[in-house]
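Below, each chain spelled out in residue letters.
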Amino acid sequence: MSVRRGAGRRPGPCAGSLSAGPSIRPRGTQGRLYNSAPRQNHLSTMIDAKLLRSDTQAVADRLARRGYVFDLDAYRGFEQRRKDLQVRTEQLQAERNAGSKRIGQAKAKGEDASPILADMDRIKTQLAENETQLGALQAEFDDFLARVPNPPHASVPDGKDEDDNVELRRWGEPKAIAAPRDHADLGEALGLMDFAAAAKLTGARFTLLRGGLARLHRALAQFMLDVHTQEHGYEELYVPYIVNATSLRGTGQLPKFGEDLFALQGEQDWRLIPTAEVPVTNLVRDEILAASELPKKWVAHTPCFRSEAGSAGRDTRGMIRQHQFEKVELVQFVRPHESDAALEELCGHAETILQKLELPYRKVILCGGDLGFAAARTYDLEVWLPSQGQYREISSCSNFRDFQARRIMARWRNPATGKPELLHTLNGSGLAVGRTLIAIMENFQQADGSIAIPNALRAYMGGLSSIT
RNA sequence: GGAGGGGUGGCUGAGUGGUCGAAAGCACCGGUCUUGAAAACCGGCGUGUCGAGAGGCACCCAGGGUUCGAAUCCCUGCCCCUCCGCCA
């Protein structure tokens, strides 16, 4: 079995948007899950249980495309046992309810209710036993289902890992730079990027920026926000950077990827956000949006905190992989039939930033095997880094279809049916700010070690044309 | 941090042990009336799940408990509000 997930797969600045792990059921719901009231189980199952029941083999076939072996026998066994137990339990509940009603009526008339009470005793015992069994079975079943990833979209290419991703196109021509220096080298030489200082203050994987680079970093975030709000129609959000466990479970960071998160000490089970996806997506948790509000397009600029637990030794130089970085995140909630188009649009919004900044990049579609747990389809945008002579991930844009929405019960009222129906969710980085800074430094480096400022950014830099 | 008050359907808001999935009003949908609209009147109107259907089951912040039976009683947690204190 190879369940590959975003956060585990590539803990880059954008991978959080792909992450969503299998979930154990929420704490404290044991024994009450035989029914399906939304508040009681919506944080466990992500796969469409109905579709799975009606078209088991087809779902299994689709899952195989991402390298996930769906255990048909185990599934069918669970279904059979669950159904039997549930029917019996509900029959007993019906008996109990009817009996209780008769007792009430008898007492109201002043009759003797003791014959009925004796019978109730039997029912009560049997029912308790059935409920316990059903609760345990449901818990096991939910855990099984929660580990099933999102079936890939039909357009996703076959493949088992990163090497099988398909490049869709390239934009921009990498400049010929003789003996390109990397951003750490450039930044330190300018005296504006200080890893030693950050290490003194905190430790490894932090960066301190000064003067022009600190300003450029700020300018980038402002620029991205302005483009997305003014040209792409997103509403800007300011959100908490600390979230509770329920929110993290909603987007799938918990319980599977808990070690990638920084937890706060104290009485509350609070963590620092690994991506704005967590607060923004959870905003719609348990909500029913009006059709007139759709599509919902939100952009948020936040710091992101990641422990990078599984990445020891990877990208240790420079500020490619940090415990703290900033990101401008795009999130959309859309009507189901609009989500395919929305992914193209959202990815285009991220591309616009790269184009305006004149940064050469390529667009890649992830193959089935490289897809994050919750994603049905993902495009990665990779920016050219001259010092590495290769393209590196700077944005990851995914369509989750109804997978995340089911987990957080994000719905809309469909006027055609009058009923609440699941939304489709999408998100993507637009862009990772730290990596954009790096890309600008490396692509715009001058022979004398200074950094030219891309035209689009100069207004945000007080007219400055270069950092020296 | 101290004291008190609350969490019920899209909204307001009744309901303190039984026939309550839950009064009433508003909103919304359909109809009658009207040249049209409004008003008025009639009807409908939560979610999930199982079932071919009839209908069953579950859900009144969450979890646990008492009871033949819990929106209602008890315990725990979370959240909100008011006053005092502190504070950017």
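Residues numbered from 1 in each chain as written. Chains lettered and ligands numbered in written order. Predicted model: local features only at pLDDT ≥ 70, side-chain atom pairs only at ≥ 80, totals over all residues. Heavy atoms only, no water.

Enquirer: Summarise helix H9 (residues 211-230); cite the residues concerned and give the values.
Expert: Its 20 residues give H9 an end-to-end C-alpha distance of 28 Å, which sits within 8% of 28 Å, the value for a rise of 1.5 Å per residue. Buried within H9 we find Gly 212, Leu 213, Leu 216, His 217, Ala 219, Leu 220, Ala 221, Phe 223, Met 224, Leu 225, Val 227 and His 228. (Helix = DSSP H or I, 4+ residues; strand = E, 2+ residues; numbered from the N terminus. Expected span 1.5 Å × (residues − 1). Buried < 20%, exposed > 50% of the residue type's maximum accessible area, 1.4 Å probe, protein only.)

Enquirer: Help me get a handle on the sheet that holds strand S14 (residues 419-422), residues and values and all.
Expert: Two modes of strand pairing occur in sheets, parallel and antiparallel, and in both the strands are linked by backbone hydrogen bonds. The mixed open sheet is built from 3 strands, whose spatial order is S7-S13-S14. With one partner strand each, in any of the chains shown, strand S7 (288-289) and S14 form the two edges of the open sheet. Judged from the 2 bridges that link them, S7 and strand S13 (residues 411-414) form a sheet pairing that is parallel. Pairing of Ile 288 across the sheet is with Arg 411, part of S13. (Pairing = 2+ DSSP bridges.)

Enquirer: An account of the state of the cysteines is needed here, citing residue identities and associated values.
Expert: Under the defined criterion, the tally for this structure stands at 0 disulfides. Looking at the unpaired Cys 397, the closest cysteine sulfur is the one in Cys 347, lying at 4.2 Å. Since its relative accessible area comes to 0%, Cys 397 is described here as buried. (Disulfide = S-S within 2.5 Å.)

Enquirer: So what about the pattern of salt bridges? Which residues, and what values?
Expert: Inspection of the entire model under this criterion finds 29 salt bridges. Arg 170 serves as the salt-bridge partner of Glu 167, at 2.7 Å between the closest nitrogen and oxygen. For Arg 392, the salt bridge goes to Asp 315, with nearest N and O atoms at 3.1 Å. Taken together, the residues span a long stretch of sequence, with Arg 392 in strand S12 (residues 390-401) and Asp 315 in the loop between strand S8 (296-305) and strand S9 (324-334) at a distance of 77 residues. An identical accessibility class is assigned to Arg 392 and Asp 315; each is buried. Three or more residues joined by partner-sharing salt bridges are found here, namely Glu 167, Arg 170, Arg 362 and Glu 382. (Salt bridge = Lys/Arg side-chain N within 4 Å of Asp/Glu carboxyl O.)

Enquirer: Lay out the packing of aromatic side chains with the relevant residues and their values.
Expert: By the definition in use, this model includes 12 aromatic pairs. A ring pair is formed by Phe 70 and Phe 144, whose centres lie 5.8 Å apart and whose planes are at 55°; its orientation type is tilted. Here Phe 70 is found in the loop between helix H4 (56-64) and helix H5 (72-108), whereas its partner Phe 144 is found in helix H6 (residues 114-146), with 74 residues between them in sequence. On the accessibility criterion, Phe 70 (7% relative accessible area) is buried. Their ring planes at 80° and their centres at 5.8 Å tell us that Phe 223 and Tyr 460 sit as a pair that is edge-to-face. Within this pair, whereas Phe 223 is found in helix H9, its partner Tyr 460 is found in the loop between helix H15 (455-458) and strand S17 (466-467), the two being separated by 237 residues in sequence. Among the aromatic residues, those joined into a ring-pair cluster are Phe 70, Tyr 75, Phe 78, Phe 141 and Phe 144. The positively charged end of Lys 175 is found above the aromatic ring belonging to Phe 444, 3.8 Å away from the centroid. (Phe/Tyr/Trp six-rings, centres within 6.5 Å; stacked < 30°, edge-to-face > 60°. Lys NZ or Arg CZ within 6 Å of the ring centre and 35° of its normal.)

Enquirer: Which residues make up empty space enclosed by the protein, and what values go with them?
Expert: This structure, assessed with the given rule, holds 2 cavities of 30 Å³ or more. Along the wall of the second largest cavity there are 10 residues; nearest its centre are Met 319, Ile 320, Phe 325, Gly 434 and Arg 435. Contributions of two or more residues to the lining of the second largest cavity are made by S9 and helix H14 (433-443). Examining the composition of the lining of the second largest cavity, we find that 3 residues originate from one element, H14, more than from any other. (1 Å grid on protein atoms, 1.4 Å probe; cavity = no way out; pocket = protein on both sides within 12 Å on 5 of 7 lines; lining within 4 Å. Points joined across faces, edges and corners; volume = space filled by probe spheres on them.)

Enquirer: Before we move on, can you summarise the environment of Ala 184 with the specific residues and values?
Expert: As for its placement among the helices and strands, Ala 184 is situated in helix H7 (residues 183-190). With relative accessibility at 2%, the residue Ala 184 sits in the buried group. If we ignore the near neighbours within four places in the chain, the residues touching Ala 184 are Met 193, Phe 195, Arg 317 and Gly 318. (Contact = heavy atoms within 4.5 Å.)

Enquirer: Help me get a handle on the side chain of Ser 395, residues and values and all.
Expert: Topologically, Ser 395 is positioned in strand S12. With relative accessibility at 0%, the residue Ser 395 sits in the buried group. Of the polar contacts made by the side chain of Ser 395, one reaches the backbone oxygen of Ser 429; its length is 2.5 Å. (Polar contact = N/O pair within 3.5 Å; in protein donor to acceptor, adjacent residues only side chain to side chain.)

Enquirer: Talk me through the packing of H7 against H14; I want residue IDs and the actual numbers.
Expert: Between H7 and H14, whose axes approach to 9 Å, the crossing angle comes to 80°. In this view, H7 runs roughly perpendicular relative to H14, as classed from their interaxial angle. Two secondary-structure elements touch here, H7 through His 183, Leu 186 and Gly 187 and H14 through Ile 438, Met 441 and Glu 442. Partitioning the contact of H7 with H14 into residue classes produces 3 nonpolar, 2 polar and 1 charged. (Axes fitted to C-alpha atoms, helices over the stretch in contact; angles between N-to-C directions. Parallel < 35°, antiparallel > 145°, perpendicular 65-115°, else oblique. Nonpolar A, V, L, I, M, F, W, Y, C, P; charged D, E, K, R; others polar.)

Enquirer: Talk me through the side chain of Ser 247; I want residue IDs and the actual numbers.
Expert: Along the chain, Ser 247 turns up in helix H10 (residues 245-251). Contact partners of Ser 247, with chain neighbours within four places excluded, come to Val 278, Asn 282 and Arg 285.

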